[in-house]
Amino acid sequence: QVQLVESGGGLVQPGGSLRLSCAASGFRFSTYGMRWYRQAPGKERELVAGIGNTGSITNYADSVKGRFTISRDNAKNTMYLQMNSLKPEGTAVYYCKAQRIVPRVVEYWGQGTQVIVSS
């Protein structure tokens, strides 16, 4: 059974750091690109960062560039999001997504982990 399980969320003060993890199972992790999304209360889900299947290509939303780092360890079937200098605007549920375009489009979503940035 395909599973994506996020962990590492919690309460952190502004300026603090958290590291999120996404543990994958049930599919060939190394052939999928991975993405982190987040959804704040009352807002639409937005892309935070993405990473190619080998980890050589990464991209970030302008709002998190320089503060967040996406990475993956294919040997552990795990993706990470290191979040530094957190802002209150970072409060959201963070979701992990696996995606493959070829030979056909396949996408899997995790259940999300809550991040609250507050003093």
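Structure: see above.
Values in this document were obtained by computation on a predicted structure and should not be read as measured data.

A word on the layout of surface pockets
Empty space among the atoms becomes visible once a probe the size of a water molecule is rolled across them. Approximately 150 Å³ is the volume found for the largest pocket. Along its surface, the largest pocket is lined by Gly 33, Met 34, Arg 35, Gly 50, Ile 51, Gly 52, Asn 53, Ser 56, Ile 57, Thr 58, Asn 59 and Gln 99. Those elements giving two or more residues to the lining of the largest pocket turn out to be strand S4 (33-39), strand S5 (46-51) and strand S6 (58-60). With 3 residues, the single largest contributor to the lining of the largest pocket is S4. Each residue belonging to the lining of the largest pocket can be placed in one class, and the counts come to 3 nonpolar, 8 polar and 1 charged.

Quick notes on the pairing of strand S7 (residues 68-73)
Strand residues, when the strand is regular, have side chains that alternate between the two faces of the sheet. Burial along S7 is one-sided: Phe 68, Ile 70 and Arg 72 are buried, and none of Thr 69, Ser 71 and Asp 73, which face the opposite way, are. In the sheet, S7 pairs with strand S8 (residues 78-83) via 6 bridges, with the strands oriented antiparallel. Each bridged residue has a counterpart across the sheet, and for Arg 72 the counterpart in S8 is Met 79. Hairpin connection, S7 to S8: the antiparallel pair is bridged by 4 residues, and Asn 77 has positive phi, about 50°.

What to know about the environment of Glu 107
You can see Glu 107 is positioned in strand S10 (residues 106-109). Given a relative accessible area of 43%, Glu 107 falls into the partly exposed group. In this view, Glu 107 contacts Lys 97, Ala 98 and Gln 99; residues no more than four positions away in its chain are not counted.

Description of the nonpolar core
Formed by 30 residues in total, the largest nonpolar core has its most connected members in Met 34, Trp 36, Met 79, Leu 81, Met 83 and Tyr 94. Those elements that provide at least two residues to this core are strand S3 (18-25), S4, S5, S7, S8, strand S9 (92-100) and strand S11 (113-117). Once residues within four sequence positions are removed from consideration, Met 83 is found in contact with Gly 16, Ser 17, Leu 18, Leu 20, Arg 67, Phe 68, Tyr 94 and Val 115.

Let's talk about the sheet that holds strand S1 (residues 3-7)
Taken in spatial order, the 4 strands of this open sheet run S1-S3-S8-S7, and their pairing is antiparallel. Of all strands in the sheet, those with a lone pairing partner are S1 and S7, marking the two edges. The average angle at which neighbouring strand axes cross in this sheet is 15°, direction not considered. Note: S3 against S8, 6 bridges, orientation antiparallel. The residue of S8 that forms the bridge with Ser 21 is Tyr 80.

Cut-off values and rules
- Residues numbered from 1 in each chain as written.
- Predicted model: local features only at pLDDT ≥ 70, side-chain atom pairs only at ≥ 80, totals over all residues.
- Heavy atoms only, no water.
- 1 Å grid on protein atoms, 1.4 Å probe; cavity = no way out; pocket = protein on both sides within 12 Å on 5 of 7 lines; lining within 4 Å.
- Points joined across faces, edges and corners; volume = space filled by probe spheres on them.
- Helix = DSSP H or I, 4+ residues; strand = E, 2+ residues; numbered from the N terminus.
- Nonpolar A, V, L, I, M, F, W, Y, C, P; charged D, E, K, R; others polar.
- Buried < 20%, exposed > 50% of the residue type's maximum accessible area, 1.4 Å probe, protein only.
- Pairing = 2+ DSSP bridges.
- Contact = heavy atoms within 4.5 Å.
- Core = buried A, V, L, I, M, F, W, Y, C linked by side-chain atoms within 4.5 Å.
- Axes fitted to C-alpha atoms, helices over the stretch in contact; angles between N-to-C directions.

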